[in-house]
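# Analysis of the macromolecular model
Listed here are the chains, written in short residue letters.
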Amino acid sequence: MDASARFGVSPGLTSALIEAARESGLPLLPGVMTPSDVIVARQAGFRELKLFPAQQAGGVGMLKALAGPFPNVTFCPTGGITAETALEFLALLNVACVGESWLTLKAALLAGD
């Protein structure tokens, strides 16, 4: 928030992150990898989650499997997704977007853009 962030993204979720998000009011996209992680995130009130690392966690197959028991959860998978595989993820109803470092040019990062 001191850096004017409008939201936070994390590779995982801890009780400290849950508390900080609640206290600050800063929207948080917490990372999950397992169904148990999803349950903890849902109990904390999160409905939008980052599946990380997506490919290593099972990729498209994992997201399809999570859709059944968690119909009200939307994912932003990151980790191992390529420009070629992004469309496979985006075709899933429980995927709102994908993220990867290749989406931002290194020159833009260095320029602070």
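Placed above this text is the structure.
The rules behind each value
- Residues numbered from 1 in each chain as written.
- Predicted model: local features only at pLDDT ≥ 70, side-chain atom pairs only at ≥ 80, totals over all residues.
- Heavy atoms only, no water.
- Pairing = 2+ DSSP bridges.
- Helix = DSSP H or I, 4+ residues; strand = E, 2+ residues; numbered from the N terminus.
- Right-handed = clockwise from strand over helix to strand, strands pointing away.
- Phe/Tyr/Trp six-rings, centres within 6.5 Å; stacked < 30°, edge-to-face > 60°.
- Lys NZ or Arg CZ within 6 Å of the ring centre and 35° of its normal.
- Contact = heavy atoms within 4.5 Å.

## So, the pairing of strand S4 (residues 48-51)
As a general feature of sheets, a regular strand has side chains that alternate between the two faces. As paired elements, strand S3 (residues 31-32) and S4 share two bridges and run parallel to each other. Each bridged residue has a counterpart across the sheet, and for Val32 the counterpart in S4 is Leu51. Note that the unit made of S3, helix H2 (residues 35-43) and S4 has a crossover that is right-handed. With two bridges connecting them, S4 and strand S5 (residues 74-75) associate as parallel partners. Considered in S5, the bridge of Leu49 is made with Phe75. Tracing the backbone out of S4, into helix H3 (residues 59-67) and back to the parallel element S5 gives a crossover that is right-handed.

## As for the packing of aromatic side chains
Tallied over the entire structure, the rule returns zero aromatic pairs. Positioned above the aromatic ring of Phe52, the side-chain terminus of Lys50 is 4.9 Å from the ring centre.

## Describing the environment of Gly99
By the element assignment, Gly99 lies in the loop between helix H4 (86-90) and helix H5 (106-110). Put simply, Gly99 and Thr74 are 25 residues apart on the chain and 14 Å apart in space, counted from C-alpha to C-alpha. Apart from the residues within four sequence positions on either side, Gly99 is in contact with Cys76, Pro77, Thr78 and Gly79.

## Overview of the sheet that holds S5
Across the sheet, three strands lie side by side as S3-S4-S5; this open sheet has parallel pairing. The open sheet has two free edges, formed respectively by S3 and S5, since each of these has just one partner strand.

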